[in-house]
Amino acid sequence: MSEPLNKNSEPGEEPRIKLPEAEPRGYFEGESMTRRHVFTVASQAIGGVAALAVVLPVVGFAVAPLFTRGEERWEAVGPVSDFNAETYKQVVFTEITGIGEAGKTTAYIRTGAEKFNEEPNDVIAISTRCAHLGCPVRFVQAAQNFICPCHGGVYDFEGKRLGGPPVRPLDRFQTRVRGGQVEVGPRFSVTNQLKAVRVRDPGEFTGGIWEFLYPPRPSTFPPPSN
Amino acid sequence: MSLLKRKKKDESPEGSGEAEAVAKPTKGERMGQAKDLSVHHGTQGAIDVAGWVDSRVNATGIFTAMMSRHVPKGTNWFYTLGSATMFIFAMQAITGVFLSMYYTPSATQAYASITHLTNDVFMGEFVRGMHKWGASLMIILIFLHMARTFFFGAYKYPRELNWVIGVVLLILTTVMGLTGYLLPFDQRSFWATIVANNITASGPVVGPYLADFLRAGPDFSATTLSRFYALHMMVVPGLMAALIGAHLFFVVKLGTTAPPWVRAPRPKGARPSESVTAGVASEDLEEVPVNGAAAAAVTEADPPVDEANAAEAEAVEATEAEETESATATEEPAAEAATEEAEEEPPTDGEVSS
Ligand code: HEM
Ligand code: FES
């Protein structure tokens, strides 16, 4: 053997060493996955899993409040005899706990009036949060209207919008009477016809086609049935 | 280089012609390995450490690429607005970190901690004032910088991505303003945040959910403050630092744009009238670059002005360009002379470090 075995043909010549035929034919050329490809895909997949293992819990953690509904809170604000159907009485109570003074809010309370087709033992609690951007509105006796100091929103005695930028009536709070005491509960929003709906943030419509721009949030309480 | 040369001279007591032979540092020297440890002390040691680090991370290379890159002719003070914004960002980061040493992000304690910081802590009012005024200043500067890049047409190919990154930075800067405003937790910041959240909520479809995310619930709560604090302290500054890095990378990689009134040079042999555009003085047309790369090419290709060249030059060309070039031409020999002089004298440690 003068020729080294591994010296193969010059270009154009018949190969001196014949490789065995691939079996099945085309096995080498036609491979759909090379070893390198397998490892690339596998290491990227493992990296992806590792990244998701960190990102998913963290994102879930930050986003969880969107799907969590807090405890329903009821607070007594005074005996029923304090309130009448003719005018509002202002009460202050804690809507959100844990933030001190900032968690307090003001509501205007009266009992049901016949001229509005309400039962005399209904208690109506109107929120002072303006339906425009949330400034505190004030009930003005002389005008018998709620007036907002920020951008001139005006609401009538029932809290329906009369003028200015607000897009819906004032919100209300659920009420009940326990042991002669009026208690105030979760907030809800109303349509222009005063039908109770799930609470919306200020600036969001509760009626018409615009309503569909503001889908209900799972973090809010369902409205009282009426 | 010259530092290494001097060091060598210092080591050989005779100070003879040997100095020439060692002009180039050996590989060991470049890697920061001292030949004779006993002579290394003080600043010399610091230089060796710097060299050791540099040979591993190429800090000088990066520094040179950032600071000694070619800029187009006509570069002016408006080009400093981006750096000014960046300076304020750094200032906000530093003062913010120090404010956080006294601040308590709790709904019941935040206001008291801010009052304490402002009234009782040494320089507290000053540092808080820097952070507060800096916030407004940064908004002003970022808009001015944006206006500069807009009016100079710097957003065009190939710098669109830098514009997009810039817009994200602008949004994040306003997010910093919004989240920071709540932190003092006084009446103003509380109601401002309520209103801002309500505006967010009034956005169609995603608005209500975005507001829930910001508030961490359907109403403003104790968690809202912690959330704003985390966004203000960590999430947004981190994102901004990363994006500013990308922004600068593109500035260095692509070079900056020449002002719109600086034109490409007239092609050789063209008559002056051919390249005159309406409203532009003909002197302005001589120069130059459309972008940084072109600027580099032009500056490097131009030989230093000599008499023959000057004679050739047309009268209109005797403007800024020559001024700059002749300035460099005269400066260079002077600089060289200075270096030679320094080599003659036996250096002291103080000189080495300067
Ligand atoms: C945190 C905010 C920002 C920082 C720290 C910053 C920093 C810088 C710096 C240092 C430069 C170098 C050139 C110069 O200063 O003009 C630059 C260039 C540039 N910036 Fe910004 N920038 C910021 C925001 C923005 C914004 C809001 C925009 C526009 C939407 C923008 C668009 C650009 C563009 C297009 C360039 C390239 C300029 C050119 O090629 O001449 N940047 N930026
Ligand atoms: S917040 Fe009441 S009118 Fe704007």
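Because the structure is a prediction, the values reported are computed rather than measured.

Moving on: the overall build of chain A. Within chain A, the regular secondary structure consists of one helix and 11 strands. Its helices and strands in sequence order give chain A the pattern α-β-β-β-β-β-β-β-β-β-β-β, from N to C terminus. By residue count, 36% of the 226 residues in chain A fall in the buried class. At a minimum sequence separation of 6, the contacts of chain A that also span at least 24 residues come to 43%. With the model as given, the accessible surface of chain A reaches about 13,700 Å², and the carbon-plus-sulfur share is 58%.

Turning our eyes to something else, we now look at a nonpolar patch on the surface. Residues and elements named next belong to chain B. Together, Ile94, Val97, Phe98, Met101 and Tyr102 give the surface a local cluster of nonpolar side chains, amounting to about 520 Å² of exposed area. Looking at the secondary structure, you find phenylalanine 98 in helix 6 (residues 81–99). On the basis of relative accessibility, which here comes to 46%, the residue phenylalanine 98 falls in the partly exposed class.

Turning our attention to the site of ligand 1. Residue and element names in this part refer to chain B. Taken together, 26 residues are adjacent to ligand 1, and Tyr79, His145, Arg148, Arg159 and His247 come closest. At 2.8 Å from a nitrogen atom of ligand 1 is found a side-chain nitrogen or oxygen belonging to histidine 145. Arginine 159 places a side-chain nitrogen or oxygen 3.1 Å from an oxygen atom of ligand 1. Listed by contribution, the elements that provide at least two residues to the shell around ligand 1 are helix 6, helix 8 (124–151), helix 9 (160–182) and helix 12 (222–254). Residues belonging to the shell around ligand 1 are distributed by class as follows: 13 nonpolar, 11 polar and two charged.

What follows covers unusual backbone geometry. Geometrically, the link from B:Tyr157 to B:Pro158 is a cis peptide bond, its omega value of 0° lying close to zero. For A:Leu194, which is not glycine, the phi torsion reads 65° and is therefore positive. Its location among the elements puts A:Leu194 in the loop between strand 10 (181–190) and strand 11 (196–197). The phi dihedral of B:Ala216 is positive, around 60°, even though this residue is not glycine. Its location among the elements puts B:Ala216 in the loop between helix 11 (207–215) and helix 12.

On to the coordination of the iron atom of ligand 1. Residue and element names in this part refer to chain B. At the metal site, the iron atom of ligand 1 is ligated by His145 (NE2) and His247 (NE2), and these contacts range over 1.9 to 2.1 Å. Coordination geometry of the iron atom of ligand 1: the six donor atoms subtend angles of 84 to 180° at the metal centre, consistent with an arrangement described as octahedral. On the criterion of sequence distance, the pair formed by histidine 145 in helix 8 and histidine 247 in helix 12 is long-range, its members being 102 residues apart. With respect to burial, histidine 145 and histidine 247 carry one shared label: buried.

Turning our attention to the nonpolar core. The biggest cluster of nonpolar side chains holds 30 residues, and the ones touching the most others in it are B:Tyr103, B:Leu182, B:Phe185, B:Phe220, B:Leu225, B:Val236 and B:Met240. The dominant element in this core, judged by the number of residues it contributes, is helix 12 of chain B, at eight residues. In contact with B:Leu182, other than residues within four places in its own chain, are B:Ser189, B:Phe190, B:Thr193, B:Phe220, B:Thr224, B:Leu225 and B:Phe228. Residues A:Tyr88, A:Ile126, A:Phe157 and A:Leu170 belong to the second largest nonpolar core, which totals 14 residues.

Counting through the fold element by element, B:Thr85 comes out in helix 6. With near-sequence residues (within four places) excluded, B:Thr85 lies in contact with B:Met138, B:Leu141, B:Ile142 and B:His145.

With that settled, the discussion passes to the packing of aromatic side chains. Inspection of the entire model under this criterion finds 25 aromatic pairs over all chains. On the basis of an interplanar angle of 85° and a centroid distance of 5.1 Å, the ring pair of A:Phe93 and A:Phe173 is categorised as edge-to-face. Of the two residues, A:Phe93 is situated in strand 2 (residues 89–94) and A:Phe173 in strand 9 (residues 172–178); the sequence distance between them amounts to 80 residues. This pair shows no difference in class: A:Phe93 is buried, exactly as A:Phe173 is. Centre to centre, the rings of A:Tyr108 and A:Phe146 are 5.4 Å apart; their planes meet at 65°, and the pair counts as edge-to-face. Within this pair, whereas A:Tyr108 is found in strand 3 (residues 104–111), its partner A:Phe146 is found in strand 6 (residues 145–147), the two being separated by 38 residues in sequence. A:Phe146 matches A:Tyr108 in its accessibility class, with the two residues each being buried. Taken together through their ring pairs, the aromatic side chains of A:Tyr88, A:Tyr108, A:Phe116, A:Phe139, A:Phe146 and A:Phe157 make up a single cluster. Across the ring face of B:Trp52, the terminal group of B:Arg56 is positioned such that the distance to the ring centre comes to 3.9 Å.

Reading guide: rules and limits
- Residues numbered from 1 in each chain as written.
- Chains lettered and ligands numbered in written order.
- Predicted model: local features only at pLDDT ≥ 70, side-chain atom pairs only at ≥ 80, totals over all residues.
- Heavy atoms only, no water.
- Helix = DSSP H or I, 4+ residues; strand = E, 2+ residues; numbered from the N terminus.
- Buried < 20%, exposed > 50% of the residue type's maximum accessible area, 1.4 Å probe, protein only.
- Contact = heavy atoms within 4.5 Å.
- Areas by Shrake-Rupley, 256 points an atom, 1.4 Å probe, with all protein chains shown as cover.
- Patch = residues over 30% accessible without salt bridge, like charges linked within 9 Å, V, L, I, M, F, W, Y side chains within 5 Å.
- Salt bridge = Lys/Arg side-chain N within 4 Å of Asp/Glu carboxyl O.
- Near = heavy atom within 4 Å.
- Polar contact = N/O pair within 3.5 Å; in protein donor to acceptor, adjacent residues only side chain to side chain.
- Nonpolar A, V, L, I, M, F, W, Y, C, P; charged D, E, K, R; others polar.
- Donors = N, O, S within 2.8 Å, 3.2 Å for Na, K, Ca; no water.
- Tetrahedral: all angles 85-135°; square planar, octahedral: opposite > 155°, others 65-115°.
- Core = buried A, V, L, I, M, F, W, Y, C linked by side-chain atoms within 4.5 Å.
- Phe/Tyr/Trp six-rings, centres within 6.5 Å; stacked < 30°, edge-to-face > 60°.
- Lys NZ or Arg CZ within 6 Å of the ring centre and 35° of its normal.

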